[in-house]
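# Remarks on the overall topology
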Amino acid sequence: MFGDYFGFSFVRSNAGNSTSNVVLNNPADISVIVIYFLVVLGVGVWAMVRTNRATVGGFFLAGRSMVWWPIGASLFASNIGSGHFVGIAGTAAAGGIAIGGFEWNALIVVVILGWLFVPIYIKAGVVTMPEYLKKRFGGQRIRIYLSVLSLFLYVFTKISADMFSGAIFINQALGLNIYLAVILLLMITALYTVTGGLAAVIYTDTLQTVIMLVGSFILMGFAFNEVGGYEKFQEGFMNAVPSVTTNISAECYEPRADSFHIFRNAITGDLPWPGLVFGLTIQAGWYWCTDQVIVQRCLSAKNLSHVKGGCILCGYLKLLPMFLMVFPGMISRILYADVVACVDPDECKKYCGASVGCTNIAYPKLVVDLMPNGLRGLMLSVMLASLMSSLTSIFNSASTLFTMDIYTKIRRSASEKELMIAGRVFILVLIGVSIAWIPVVQSAQSGQLFDYIQSITSYLTPPVAAVFMLAVFCKRVNEAGAFFGLTIGLCIGLCRMIAEFAFGTGSCVTPSKCPTIICGVHYLYFSIILFVISCIIIVGISLMTKPIEDKHLYRLCWSLRNNEEERVDLEQDDWVDNNNSMDIEEPEEEPGFCKKAVMCFCGLEQKKAPKLTPEEEEELQKKLTDTSEMPLWRNVVNANAIILLCVAVFLHGFFG
């Protein structure tokens, strides 16, 4: 009963799957996996020992000491989770290369992140995105709203989706008790997130990126070799139909005529081109420019040139998913048309346990069937790497949001040590809630995992993207406009999301009964509409209410970014380090060995930082908010940004 509720079987189903008995029980595969885990944990421990984890700046921002290449690798690894390998390959198997446009859109948005948004965040001197909005608008309601919404989105679209996709892969590859396997992975993931802080996460992300790329390239080579090259691949995909179709309409199982085009018909396309160009950019703007997981990595950089260099490296890496995930997913449909492209509900249930379709198993099935011993273990490591790297990033950022934006409201006088403990405990709570949400992920959006993630994002995030964009580029916008824009936009988005869950999204064989006026608008078009409505509400209410004086906005918006005058904060910080206020000389008990070991492991060593004079504190703050660049490196990153944008335009034109 328990296993059935969570959608996982405690024993592997053998029905109809030729690879059902493949279990990674050979020495080569097991050795690779064990070595992988030892290396990852070794890197985590090295980062734990090497970095300062006993302060908020050290744990959450890696002491602002990171250079461009780990930042770029961490941005990429944080973004590419097992949900990408399973979801993108699955959607590609169902509909062709258009899903690759989701990845290439990021080539443009990461430049916007590094050149327009991060300089403002650095000058503002913030740790979290809700903290920026609090400084920009004042009041508490926007900051708390955004923190809670972000945590909900982490649970709904990131943690649970990544765990579910990881479970699909493990189910195909291992034939083990998946539910316990996922919990074990989460325990290891949480372990080095809790102990190491952001520095450990970034360094392990860099290692994960290398592993992901090597393994994915090898699999792509095997896949193209199996189908006989690119031309045979194009021809084979257009003919990949299942043998059992009963009396189902041909449009439900034949590949789309526009399978090899990114830009598709604005009305009849499954991913219409205006939605892909404009609607997707709104979602990407929210994710890349305002999401805590991404921005936190940029804020850990030594200086602005390293931020831009990291964004550029991430952009170059984002060129690869089309070749490493989209094409292999489509090849899987060619090789296993009866399984991956199944359309008859009974057949699909037999192959993968889901009546709506089996495209989600496209990538895992390719790994299990094509890779030889040893390399199969490497690819499992790749999937575990992508799962764990994205989860570690989310855990660290979510604990930052909770600690700095919510817990400080409950405990205004909390010590720094208490905040560190609260952030670590919250990670464990987050895991429990996310596991409970997995059944919803499994049944939503007709089993298309990536569509589920993108649709939820389209319904909930456009108002947030509108607020951040206007906060940075329009100083006339005030707190009242921002708050009502967020809340009204959220209500509109929730109406669509709840209706879709209530009626179900259906499938080609059994369409949804949701009224066309509610669910008939494509989710990417809905994103555009919601963004425009939110902007109109924000600007309209702001113009009808009192503006914020410039003295409160110095270095918080684009037009005042270089103003050197002292800013008068609209509201004081909720939490300050209280350790310095406790300077009364009291005899301290020497902790026992066990307590010492635990405190060291969790980065809570009783090391008193030297007390700074007001002049030294001012100098330190000036250094942390400095956005100056050396002319040479500024020119290097600017030239690379232009090259990246040109590559993005060329690829969209070539595959459009």
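Predicted, not measured: the structure shown is a model, and the values here were computed from it.

The contact between helix H15 (residues 321-335) and helix H18 (residues 362-370) brings their axes to 8 Å, and the two run at 70°. Comparing their axes, H18 and H15 come out roughly perpendicular. Residues Leu324, Met325, Pro328, Gly329, Ser332 and Leu335 of H15 form the contact with H18, whose participating residues are Ala362, Tyr363, Leu366 and Leu370. Of the residues assigned to the contact of H15 with H18, the class counts are eight nonpolar, two polar and no charged.

What follows deals with the packing of aromatic side chains. In total, this model carries 24 aromatic pairs according to the counting rule given. Ring centres of Trp104 and Phe655 lie 5.5 Å apart, and the angle between their planes is 55°; this geometry places the pair in the tilted category. Remark: Phe655 occurs in helix H28 (residues 631-655) and Trp104 occurs in helix H6 (residues 100-104); sequence separation between them is 551 residues. Exposure remark for Trp104: the relative accessible area of 0% places this residue in the buried category. Both rings, one in Phe233 and one in Phe260, keep their centres 5.6 Å apart while their planes meet at 75°; by these two values the pair is edge-to-face. In this pair, Phe233 is assigned in helix H11 (residues 230-238) and Phe260 in the loop between H11 and helix H12 (273-290), connecting sequence segments 27 residues apart. You'll find Phe233 and Phe260 in the same group, each marked buried. An aromatic cluster is defined as three or more aromatic residues linked by ring pairs; in this entry it consists of Trp104, Phe224, Tyr230, Phe233, Phe237, Phe260, Phe323, Phe327, Phe650, Phe654 and Phe655.

Okay, helix H22 (residues 462-473) next. With twelve residues, H22 extends 16 Å from end C-alpha to end C-alpha; this agrees with the ideal 16 Å at 1.5 Å per step. Among the twelve residues of H22, ten are classified as buried, and the element is accordingly described as predominantly covered. Turning to H22, its buried residues number three or more, namely Pro462, Pro463, Val464, Ala465, Ala466, Val467, Phe468, Leu470, Ala471 and Val472.

Let's shift gears to the environment of Met388. Tracing the chain through its elements places Met388 in helix H19 (residues 375-410). Taking the relative accessible area as the measure of exposure, Met388 reaches 0% and is therefore buried.

A few words now on H18. The buried fraction of H18 amounts to eight of the nine residues, a majority that puts the element mostly inside the structure. All of the buried residues along H18 are Ala362, Tyr363, Pro364, Lys365, Leu366, Val367, Val368 and Leu370.

Per the stated rule, a full pass over the model turns up twelve salt bridges. Among the ionic pairs, Arg256 bridges to Asp258, the shortest N-O distance being 2.9 Å. Between Asp270 and Arg256 there is a salt bridge, with the nearest N and O atoms lying 3.5 Å from each other. With a gap of 14 residues between them, Asp270 in the loop between H11 and H12 and Arg256 in the loop between H11 and H12 connect regions that are remote in the sequence. Using a relative accessible area of 30% as the deciding quantity, one classes Asp270 as partly exposed. Owing to a relative accessible area of 25%, Arg256 belongs among the partly exposed residues under this scheme.

This brings us to the environment of Phe654. In this structure, Phe654 sits in helix H28. Put simply, Phe654 and His261 are 393 residues apart on the chain and 9.2 Å apart in space, counted from C-alpha to C-alpha.

Here the focus is unusual backbone geometry. Trans peptide bonds make up most of the peptide bonds, and negative phi angles are found at most residues other than glycine. In this structure, Arg555 takes a positive phi of about 65° despite not being glycine. Position of Arg555 among the secondary structure elements: in the loop between helix H25 (523-544) and helix H26 (593-601).

This brings us to a nonpolar patch on the surface. On the surface, a cluster of nonpolar side chains totalling about 310 Å² of accessible area is made up of Ile421, Val425, Val429 and Val433. Along the polypeptide, Val429 turns up in helix H20 (residues 416-443). Since its relative accessible area comes to 47%, Val429 is described here as partly exposed.

Calculation notes
- Residues numbered from 1 in each chain as written.
- Predicted model: local features only at pLDDT ≥ 70, side-chain atom pairs only at ≥ 80, totals over all residues.
- Heavy atoms only, no water.
- Axes fitted to C-alpha atoms, helices over the stretch in contact; angles between N-to-C directions.
- Helix = DSSP H or I, 4+ residues; strand = E, 2+ residues; numbered from the N terminus.
- Parallel < 35°, antiparallel > 145°, perpendicular 65-115°, else oblique.
- Contact = heavy atoms within 4.5 Å.
- Nonpolar A, V, L, I, M, F, W, Y, C, P; charged D, E, K, R; others polar.
- Phe/Tyr/Trp six-rings, centres within 6.5 Å; stacked < 30°, edge-to-face > 60°.
- Buried < 20%, exposed > 50% of the residue type's maximum accessible area, 1.4 Å probe, protein only.
- Expected span 1.5 Å × (residues − 1).
- Salt bridge = Lys/Arg side-chain N within 4 Å of Asp/Glu carboxyl O.
- Patch = residues over 30% accessible without salt bridge, like charges linked within 9 Å, V, L, I, M, F, W, Y side chains within 5 Å.
- Areas by Shrake-Rupley, 256 points an atom, 1.4 Å probe, with all protein chains shown as cover.

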